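Residues per chain are reported as follows:
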Amino acid sequence: MCGIVAYIGPNQAYNFLIQGLKRLEYRGYDSAGIALLDGDMKVYKEHGKVQDLENKIGNQNIEGTKGIGHTRWATHGEPNQKNAHPHLSQSGNLAVIHNGIIENYATLKEALVKTGHVFKSDTDTEVLVHLIEEIRNHEKCSLFEAVRLALNEVVGAYAIVILSKNDPDVLIGARKGSPLVVGIGENPGEFFMASDATPIVEYTRKVSYLEDNEIAVITNGELIVKTIANVKKTPFIHQLEISLDAIEKGGYEHFMLKEIFEQPKSIHDSFRGRIDSNTLQIEMRSLNEFENKIRNLKRIIIIGCGTSWHAGLVGEYLFEDFARIPVEVEYASEFRYRNPILYADDLVIAISQSGETADTLAALELAKKAGATIFGVCNVVGSSIPRMTDAGAYTHAGPEIGVASTKAFTAQVTVLTLLALGFAQRRGTISDSKLRSVLQELERIPAKVEKVLKSCQESVLAIAKEYSHVSNFLYLGRGYNFPVALEGALKLKEISYIHAEGYPAAEMKHGPIALIDAEMPVVVIATQNEIYEKVLSNIQEVKARKGRLIAIVTEGDTKVKDVAEHIIEIPETEDALVPLLSTIPLQLLSYHIAVLRGCNVDQPRNLAKSVTVE
Ligand code: AGP
């Protein structure tokens with residue numbers, strides 16, 4: 001996700017652009033830039049946050065009543081000044097900002113290079129602005145027509161705004177798959193554009209939301225909307241009612257809830273373009289570059305902290321299950337100080353949403369010094385861990401603002417699933433039929449997550465109301481659901497401040513069962529799998545001691561519902577993919593209990609989003 005803003009009107013554009021980008025930093029914040037038109041095209045770009053850009057501009061005299069701005073969340077090309085938007089055309093007369101992904105940019109770029117275009121960045125966006133200019137020069141057409149023809153050649157998602165030195169009274173925006181809002185200013189001929197209404201709402205409440213394949217052309221003070229098929233549309237003008245704060249959170253009360261509901265998309269984005277369930281292709285750079293290493297691998301060590309450590313535990317089951325490789329999962333903070341045994345032929349995988357966790361970085365340094373191959377599974381492009389690893393794979397969860405990790409966890413598990421399947425394929429430890437079955441089921445997971453989100457909210461809220469006052473919770477799971485039990489307990493602890501523990505369900509009889517009484521709520525993940533009957537026995541043990549059972553079960557389950565007080569059903573899926581579904585109700589349960597307890601859900605006490613200190 002990135003944030004884009006644009007202005008055209010009677011006033012100076014700079015303040016709107018800079019303040020608007022700050023409002024959109026929740027969409028991305030690794031680099032930022034603006035372009036202003038006051039006769040000349042002036043571009044200012046900086047690696048880092050919008051404040052870094054503002055500091056760089058300093059008190060220069062920034063003039064211009066037309067301008068565009070962008071705050072980036074890198075997907076193609078490292079976060080740095082060169083790759084920051086806006087990007088210019090070959091002549092420098094066109095400037096573009098873009099939120100989205102142009103999937104066929106490499107093909108387009110190859111053709112443009114052949115006609116003499118020279119590129120300055122590694123981004124897909126720069127290809128688009130060169131293409132627009134190439135078409136305009138070749139067709140001798142209007143800027144709108146050149147944009148329209150170019151967008152007909154693009155495959156992917158975009159929200160773009162184009163500024164043209166030769167068309168000073170024109171501002172063009174277009175969208176497909178990424179949001180773009182047009183604000184109709186109070187002053188004649190004054191218009192705003194932005195990724196959402198947060199930068200606009202303090203200037204005007206009259207907005208028009210572009211639909212997919214629509215192009216907004218502001219020319220000579222008028223707004224015209226056409227489709228990329230050149231069909232004129234009548235823009236529908238909304239009167240904004242919601243608050244600034246609510247818009248940033250997409251209408252959700254907290255970032256955490258928004259991010260929980262983003263998971264169908266973030267899971268899809270984490271496998272999109274990487275798998276083909278027909279050809280059984282799993283396309284990831286790390287799989288290709290380290291094919292020999294993977295074939296002869298003797299051991300994997302996974303390191304992480306908190307939720308990332310829990311994702312690593314799921315990874316242990318995945319790699320051992322599919323690729324038949326011994327895996328050790330280590331708390332990074334312990335690993336770094338216990339003088340661990342490390343071999344040069346080890347593969348060490350660091351899992352980290354932020355890519356900046358101090359303990360994980362230090363543990364990775366240790367592995368690097370020992371000569372092990374090091375991979376990273378991170379969410380922030382260009383963060384410290386991806387910059388030091390030999391390879392790895394990014395999760396494409398987008399910025400995670402809530403301190404409690406939710407969509408990052410399921411994105412990490414998704415990427416670990418792809419790696420485990422890719423390893424298994426290269427080691428010949430998985431049949432084509434099994435691989436096809438898991439890949440096809442993975443493609444169904446986003447819709448199944450959507451279904452869980454819709455179906456369980458009401459029952460989860462009822463459970464939250466019944467138990468929001470308690471002081472303790474137990475979470476039990478077995479197999480792939482054991483790490484999910486740990487993760488569910490962590491979510492509750494860190495945002496509701498209720499003490500909670502996760503355990504392997506069978507472990508109860510070795511002590512913790514002494515805790516069970518009529519006051520103890522016990523969440524049990526009891527989905528249908530080979531050890532389902534064993535979990536049923538564990539449930540009976542809890543029931544016999546009057547524990548209050550809350551069970552996550554597979555849709556249609558008939559046995560658990562006779563024993564548990566509360567049932568939450570999730571769709572059937574491959575056992576290895578259950579964590580992507582069973583974690584959802586637990587995220588919502590912790591969220592609703594925390595809200596009922598009046599806790600600060602997005603910024604829980606004592607916690608930081610990225611623990612960059614020991
Ligand atoms: C999880 O909800 C917490 N925010 C915390 O445990 C987090 O997972 C941990 O600090 C690791 O962070 P990282 O993934 O950015 O390395």
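Before any of the text, the structure's been laid out above.
An account of the accompanying structure is given in this report. None of these values were measured; they are calculated from a predicted model.

1. Focus on the nonpolar core
Side chains that are nonpolar tend, in soluble globular proteins, to be buried together. Core analysis: the biggest nonpolar cluster contains 92 residues, and Ile300, Phe319, Phe423, Phe473 and Tyr475 have the highest contact counts within it. Per-element accounting of this core gives the leading share, 13 residues, to helix α16 (residues 432-467). If sequence neighbours within four positions are ignored, Phe423 has contacts with Leu287, Ile294, Leu297, Ile300, Phe319, Ala323, Ile325, Leu347 and Phe375. Among the nonpolar cores identified, the runner-up in size contains 29 residues, and Val129, Val154, Ile172 and Val217 belong to it.

2. Some remarks on the pattern of salt bridges
Following the criterion strictly, the structure yields 32 salt bridges and no others. Salt-bridge contacts for Arg295 lead to Glu291; the nearest nitrogen and oxygen are separated by 2.6 Å. Of this pair, Arg295 and Glu291 both sit in helix α10 (residues 291-295), four residues apart, which is roughly one turn of that helix. Residue class for Arg295 comes out partly exposed when judged on its relative accessible area of 42%. Here Arg299 makes a salt bridge to Glu328, at a shortest N to O gap of 2.9 Å. Within this pair, whereas Arg299 is found in the loop between α10 and β18 (300-304), its partner Glu328 is found in strand β19 (residues 327-331), the two being separated by 29 residues in sequence. Judged by its relative accessible area of 13%, Arg299 is buried. Classification of Glu328 as partly exposed rests on a relative accessible area of 30%. Here the salt bridges do not stand alone but share partners, grouping Glu103, Lys265, Asp269 and Arg272 into one network.

3. Quick look at the site of the ligand
Close to the ligand lie 15 residues; Ser308, Ser352, Ser354, Thr357 and Glu494 are nearest. Ser352 has a polar side-chain atom sitting 2.7 Å from an oxygen atom of the ligand. Between the ligand and Thr357 there is a distance of 2.5 Å, counted from an oxygen atom to a side-chain nitrogen or oxygen. When the free accessible area of the ligand is taken as 410 Å², the share hidden by the protein chains comes to 91%. When residues of the shell around the ligand are traced back to their parent elements, those giving at least two are α11 (306-323) and α17 (481-496). Looking at the shell around the ligand residue by residue, the class counts come to five nonpolar, eight polar and two charged.

4. Examining the sheet that holds strand β21 (residues 373-378)
Sheet architecture is open: five strands sit in the order β19-β18-β20-β21-β22, paired in parallel fashion. If you trace the sheet from one side to the other, it starts and ends with β19 and β22 (391-394), each paired once. For this sheet, the mean angle separating the axes of adjacent strands, direction not counted, is 20°. In the sheet, strand β20 (residues 347-352) pairs with β21 via six bridges, with the strands oriented parallel. Along β21, the bridge assignment pairs Ala350 with Gly376. Of the strands in this sheet, β18, β20 and β21 are in contact with helix α13 (residues 358-369), which crosses β20 at around 165°. Contacting β18, β20, β21 and β22, helix α15 (residues 407-427) crosses the sheet at an angle of about 140° to β21.

5. As for the packing of aromatic side chains
According to the stated counting rule, one finds 14 aromatic pairs in the structure shown. When the centroid spacing of 4.9 Å and the interplanar angle of 65° are considered together, the rings of Phe16 and Phe192 count as edge-to-face. With Phe16 in helix α1 (residues 14-23) and Phe192 in strand β10 (residues 191-194), the pair connects residues that are 176 residues apart, well separated along the chain. Overall, the relative accessible area of 3% leaves Phe16 in the buried class. Between Phe192 and Tyr203, the aromatic rings sit 5.1 Å apart at their centres with planes inclined by 35°, giving tilted as the arrangement. Of this pair, Phe192 sits in strand β10 while Tyr203 sits in the loop between β10 and β11 (206-209), and the two are 11 residues apart along the sequence.

About the cut-offs
- Residues numbered from 1 in each chain as written.
- Predicted model: local features only at pLDDT ≥ 70, side-chain atom pairs only at ≥ 80, totals over all residues.
- Heavy atoms only, no water.
- Core = buried A, V, L, I, M, F, W, Y, C linked by side-chain atoms within 4.5 Å.
- Buried < 20%, exposed > 50% of the residue type's maximum accessible area, 1.4 Å probe, protein only.
- Helix = DSSP H or I, 4+ residues; strand = E, 2+ residues; numbered from the N terminus.
- Contact = heavy atoms within 4.5 Å.
- Salt bridge = Lys/Arg side-chain N within 4 Å of Asp/Glu carboxyl O.
- Near = heavy atom within 4 Å.
- Polar contact = N/O pair within 3.5 Å; in protein donor to acceptor, adjacent residues only side chain to side chain.
- Areas by Shrake-Rupley, 256 points an atom, 1.4 Å probe, with all protein chains shown as cover.
- Nonpolar A, V, L, I, M, F, W, Y, C, P; charged D, E, K, R; others polar.
- Pairing = 2+ DSSP bridges.
- Axes fitted to C-alpha atoms, helices over the stretch in contact; angles between N-to-C directions.
- Phe/Tyr/Trp six-rings, centres within 6.5 Å; stacked < 30°, edge-to-face > 60°.

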